[in-house]
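Working through the structure, step by step
So the chains spell out like this:
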Amino acid sequence: MQSWIRSDRIRSSGTFCTGVALMVATLFSWSSPLAGTPNFTTATAASVDENSITASNIRQTSQPRWIEIDLSEQRLRAWEGKRLVYSYRISGGKRSTPTPIGRFRINSKYRTHRMRGRGYNIPDVPYTMYFYRGYAIHGAYWHNRFGTPVSHGCVNLPVKQARNLYRWASTGTLVVVRK
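The structure contained in this document is the topic of the report that follows. (Residues numbered from 1 in each chain as written. Predicted model: local features only at pLDDT ≥ 70, side-chain atom pairs only at ≥ 80, totals over all residues. Heavy atoms only, no water.)

**Considering unusual backbone geometry**
Spelled out, the test is: Comment: elements are numbered from the N terminus, with helices defined as DSSP H or I runs of at least four residues and strands as E runs of at least two. Each residue's exposure class comes from its accessible area (1.4 Å probe, protein chains only) as a fraction of the maximum for that residue type: buried when under 20%, exposed when over 50%, partly exposed otherwise.
Within the chain, Q74 stands out as a residue other than glycine whose phi angle is a positive 55°. Its identity is not glycine, yet Y127 carries a phi of approximately 50°, on the positive side. Positionally, Y127 belongs in strand β8 (residues 120–132). Looking at Y127, the relative accessible area reads 8%, which means it is buried.

**Structural notes on the pattern of salt bridges**
Side chains that differ in charge, positive against negative, can pair when their charged atoms come close. To be explicit about the condition: The term salt bridge refers to a side-chain nitrogen of Lys or Arg lying within 4 Å of a carboxyl oxygen of Asp or Glu.
Counting across every chain of the model gives five salt bridges. For the salt bridge of E68 with R178, the shortest nitrogen-to-oxygen distance reads 3.1 Å. In this pair, E68 is assigned in strand β3 (residues 65–70) and R178 in strand β11 (residues 174–178), connecting sequence segments 110 residues apart.

**Considering the sheet that holds strand β6 (residues 102–105)**
We count it as follows: Should DSSP find at least two bridges between two strands, the strands are regarded as paired. For helices, the fitted line uses only the C-alpha atoms of the stretch in contact; every axis is such a line through C-alpha atoms, and the angle between N-to-C directions lies from 0 to 180 degrees. Contacts: residue pairs with any heavy atoms within 4.5 Å of one another.
Read across the open sheet, the five strands follow the order β5-β4-β3-β11-β6; overall the sheet is mixed. Of all strands in the sheet, those with a lone pairing partner are β5 (83–89) and β6, marking the two edges. With strand direction ignored, the average angle separating the axes of adjacent strands in the sheet is 20°. The pairing of β3 with β11 spans five bridges and is parallel. Paired with I67 across the bridge in β11 is V175. Relative to the sheet, helix α2 (residues 159–168) contacts β3, β4 (75–80) and β5, its axis offset from that of β5 by approximately 145°.

**Examining the sheet that holds strand β7 (residues 108–117)**
Spatially, β7-β8-β9-β10 is the arrangement adopted by the four strands of the open sheet, whose pairing is mixed. Each edge of the open sheet is held by one strand with a lone partner, namely β7 and β10 (155–157). Here the strands of the sheet are splayed against their neighbours by 40° on average, with no regard to which way each runs. In the sheet, β8 pairs with strand β9 (residues 135–139) via three bridges, with the strands oriented antiparallel. The residue bridging Y130 from the neighbouring strand is A136, located in β9. Sitting on the sheet, α2 touches β7, β8, β9 and β10, and the angle it makes with β8 is about 35°.

What follows is the structure, encoded as structure tokens:
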């Protein structure tokens, strides 16, 4: 009986050691998928003033994707470096619930998301990308007044255009919002 217990311990310790060896080998062989890739995004310095922002104002060492939101024009532009990829009419925040101005990053993305706040409760908001607190860029199926500020501070797009932008942008993409 004792030899059976000892052999069971040897077998289980061998399994344990094999598991540890595999974990150690995995740790040492793992490298970030971005290691050695010079095209990783680190947008470092965007110059934003009241009048203009250009692609040349943003120094980037890699993945040069960024989103510009011009509230005075009610227009969103998606850039890859100096090349314009998308230009869409939006609906930003009303005067009583303005869209925040500044430099942000997309911090989370949801294919659909329920949005609730004072005076609204909208289920299944499509292609939602949060960039600052409860503020997001997202599709709007409940209105067709793009080009006019009608939101509670979010940036509304037609659903098909929101889908394009959602697929194009990633978490961490720079979002510059200006008047």
